[in-house]
Amino acid sequence: MTTGRPRSTETTRYLCAAAYLHRRFADDVITKVLEEEHRAVAPSYGVDIVPVVRHCLTAQRRRLTRDAVLTGLLLVGGPLLLLAGGSLPGVGLRLAVLAWAVIFVESCINRYEALVRLLRNRFNPDAAQPPLSRRQARLVRELERNEAGNVTVYSGFSPFVGCGLAEDGWSFALNVGKGRRDLHDVREPIPFEVEELHDEVVSALRALGMDQLRIEDRLYVNGQDIRDDRRFLPNPFARPGAWADPAVVRHYLRFPTQRVRHYTCLQVVDWQGELVLSIFFRCTKAGGNLFVEASRFLLPPLHDRYHKVDNLRATPDVAGAAELALQATVGTVPVLLLAPFHVVGRLLSRLTGWFNRLSMRRAIRANPSFDYGATTSIRQTGMSPRYRRYFQRLDREMYVKIVEQRLLDAIIQFLDEHDVDVSDLVERQTTILNNGVMLSGGSIQAESLAVGAGARAKASQAAKTVKAAATSAGAKP
């Protein structure tokens, strides 16, 4: 099992930069990720969340400082200038000029001090400023521990929250009581437990030697089912735990329940976090049958707006200064008028936060099925529906084939060594490994020909499917 804080990636860098480029993003990260004390936080795969949160805190403090200065100009400087005998138009003009200067200076600091450190080949995730308050520092430490967890508490239908777009997976059931034929004899199958098969598959996948491949065992439980389970919710008025004892994880590998399921997550993180392929593998025995399933999910690259930091120059120039001056000119009036509301909202945030927590406690007491689960992640929220590079699409296809080929080979070899008849499975393997159809274009879409234990995909059927798909997409078959 692989755990621990994820390595820094380009995706981490882009989201750190978004803290300064998009106010709404920084506020959402702080509110919904850092300060959410009653719901689980979904994993942001391919992202080191700690520096992102720290940069969001820094960006929020800078905006608050700017807004406080603007509020002082508007509520104190304006009346003083009027009392000094200034005319209303003259005072308004002076306030506008001063406000423009404040906004311009803050923009220059963000551009040439903060964002320059986030340019490619200059990014250091550990250089982010630490939180100033003890409470925020404690929440960041808890968030860092959660990133190394092995439990996902989810909300809603899909347990694989934060993994992106659902792709078609596959499954099959096999009678493991049917022995393989050896010449004229039928061998008696050797009994085995699912842990043995699981360990053999994991060992075979590790033998691939792929640096991009991350393998971990996780438990998935719905946020409405943990109220009375202290293993996942030690305190009903706090955030669910993200860590379970390895013995508990191992137990659910062999004995899954309706509410708690074990999955082995086979995750490929490539293109510096811009491409995250997740394959969730599970095997279980029911009577004399082995059931194996694999579900695929894809996190495409971040949306184009998160890549704007790469267009910035490292050193000040006339064009860059002119751009910031123009942006300050356009934004002076709305930023100045909204500044007092932002300051008041920030000053009242502790009080409103206290009321919100009190209200949440009442809701938890009143509702035995209170949902503690996570709904999404900041990585998933920022994903684009399209690939950014042609080779990303090809690499995704390559990783699917390599991982699933080794996965199925390991299962077949294990069962064959235990004298189980795998002839049906060998036939299905071809169907599973060739169920992808690649169409022209960069959009993400499901591309399956045949899925399931009884599925069959003949060459003629595949050709018809490709032709129909290409026709519907407006492409030449």
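Before reading on, note that the structure itself is shown above.
Here goes a summary of the coordinates provided. (Residues numbered from 1 in each chain as written. Predicted model: local features only at pLDDT ≥ 70, side-chain atom pairs only at ≥ 80, totals over all residues. Heavy atoms only, no water.)

**Some words on helix H6 (residues 194–206)**
Counted at 1.5 Å a residue, the expected span for H6 with its 13 residues is 18 Å, and the 18 Å between its end C-alpha atoms agrees. Residues Val-194, Glu-195, Leu-197, His-198, Val-201, Val-202, Ala-204 and Leu-205 constitute the buried set of H6. Where the residues of H6 are buried, they touch strand S5 (213–222), helix H7 (246–254), strand S6 (260–270), strand S7 (275–286), strand S8 (289–299) and helix H11 (390–417). (Helix = DSSP H or I, 4+ residues; strand = E, 2+ residues; numbered from the N terminus. Expected span 1.5 Å × (residues − 1). Buried < 20%, exposed > 50% of the residue type's maximum accessible area, 1.4 Å probe, protein only. Contact = heavy atoms within 4.5 Å.)

**Points about the pairing of S7**
With respect to burial, S7 is a largely interior element, 10 of its 12 residues being buried. Hairpin connection between S6 and S7: a loop of four residues separates the two successive antiparallel strands, and Trp-271 in this loop has a positive phi of roughly 55°. By the bridge criterion, 11 bridges tie S7 to S8 in an arrangement that is antiparallel. Bridged to Arg-282 within S8 is Glu-293. Connecting S7 to the antiparallel partner S8 that follows it, the hairpin turn spans two residues, and Gly-287 within it adopts a positive phi of roughly 65°. (Pairing = 2+ DSSP bridges.)

**Quick word on the environment of Lys-308**
Along the chain, the position of Lys-308 falls in the loop between S8 and helix H8 (318–347). Using a relative accessible area of 46% as the deciding quantity, one classes Lys-308 as partly exposed. Along the primary structure Lys-308 and Tyr-14 are separated by 294 residues, whereas in three dimensions their C-alpha atoms are 8.5 Å apart.

**Focus on the packing of aromatic side chains**
On inspection of all chains with the given rule, the structure shows 13 aromatic pairs. A ring pair is formed by Tyr-390 and Phe-391, whose centres lie 5.8 Å apart and whose planes are at 70°; its orientation type is edge-to-face. An aromatic cluster is present here, built from Phe-160, Tyr-220, Tyr-263, Phe-280 and Phe-297 joined pairwise through their rings. Taking NZ or CZ as reference, Lys-285 lies 4.6 Å from the ring centre of Phe-192, over its face. (Phe/Tyr/Trp six-rings, centres within 6.5 Å; stacked < 30°, edge-to-face > 60°. Lys NZ or Arg CZ within 6 Å of the ring centre and 35° of its normal.)

**Structural notes on the nonpolar core**
Taken as a class, soluble globular proteins show a tendency for nonpolar side chains to be buried jointly. Formed by 41 residues in total, the largest nonpolar core has its most connected members in Ile-411 and Leu-415. At the level of secondary structure, the elements contributing two or more residues to this core comprise strand S2 (165–175), H6, S5, S6, S7, S8, H11 and helix H12 (423–433). In terms of residues, this core owes the most to one element, H11, which gives 10 residues. If we ignore the near neighbours within four places in the chain, the residues touching Ile-411 are Phe-172, Leu-197, Val-201, Phe-281, Val-292 and Leu-425. If you look at the next biggest cluster of nonpolar residues, it comprises 35 residues, including Ala-17, Ile-30, Val-116 and Leu-312. (Core = buried A, V, L, I, M, F, W, Y, C linked by side-chain atoms within 4.5 Å.)

**A closer look at the sheet that holds S5**
The strand order across the open sheet formed by six strands is S1-S5-S6-S7-S8-S2, and the pairing between neighbours is mixed. A strand with exactly one partner marks an edge of an open sheet, and here the two such strands are strand S1 (151–154) and S2. In this sheet, neighbouring strand axes are inclined to one another by 25° on average, regardless of whether the strands run parallel or antiparallel. Contacts from H6 reach S5, S6, S7 and S8 within the one sheet, and its direction differs from that of S7 by about 155°. (Axes fitted to C-alpha atoms, helices over the stretch in contact; angles between N-to-C directions.)

**Regarding the side chain of Gln-429**
Looking at where Gln-429 falls in the secondary structure, it is placed in helix H12. Beyond its immediate chain neighbours, meaning those up to four positions away, Gln-429 contacts Gln-405, Leu-408, Asp-409 and Ile-412.

**Here's the deal with the side chain of Asn-110**
Along the chain, Asn-110 turns up in helix H4 (residues 88–114). Within polar-contact distance, the side chain of Asn-110 engages the side chain of Arg-62 at 3.4 Å. With near-sequence residues (within four places) excluded, Asn-110 lies in contact with Tyr-20, Arg-62 and Leu-115. (Polar contact = N/O pair within 3.5 Å; in protein donor to acceptor, adjacent residues only side chain to side chain.)

**Describing the packing of H6 against H7**
Between H6 and H7, whose axes approach to 8 Å, the crossing angle comes to 110°. The orientation of H6 with respect to H7, classified from their angle, is roughly perpendicular. Every residue of H7 that contacts H6 at Val-194, Glu-195, His-198 and Asp-199 is listed here: Arg-250, Leu-253 and Arg-254. Split by residue class, the contact of H6 with H7 holds two nonpolar, one polar and four charged. (Parallel < 35°, antiparallel > 145°, perpendicular 65-115°, else oblique. Nonpolar A, V, L, I, M, F, W, Y, C, P; charged D, E, K, R; others polar.)

**What to know about the environment of Gln-327**
Mapped onto the secondary structure, Gln-327 falls in helix H8. Put simply, Gln-327 and Trp-100 are 227 residues apart on the chain and 9.6 Å apart in space, counted from C-alpha to C-alpha.

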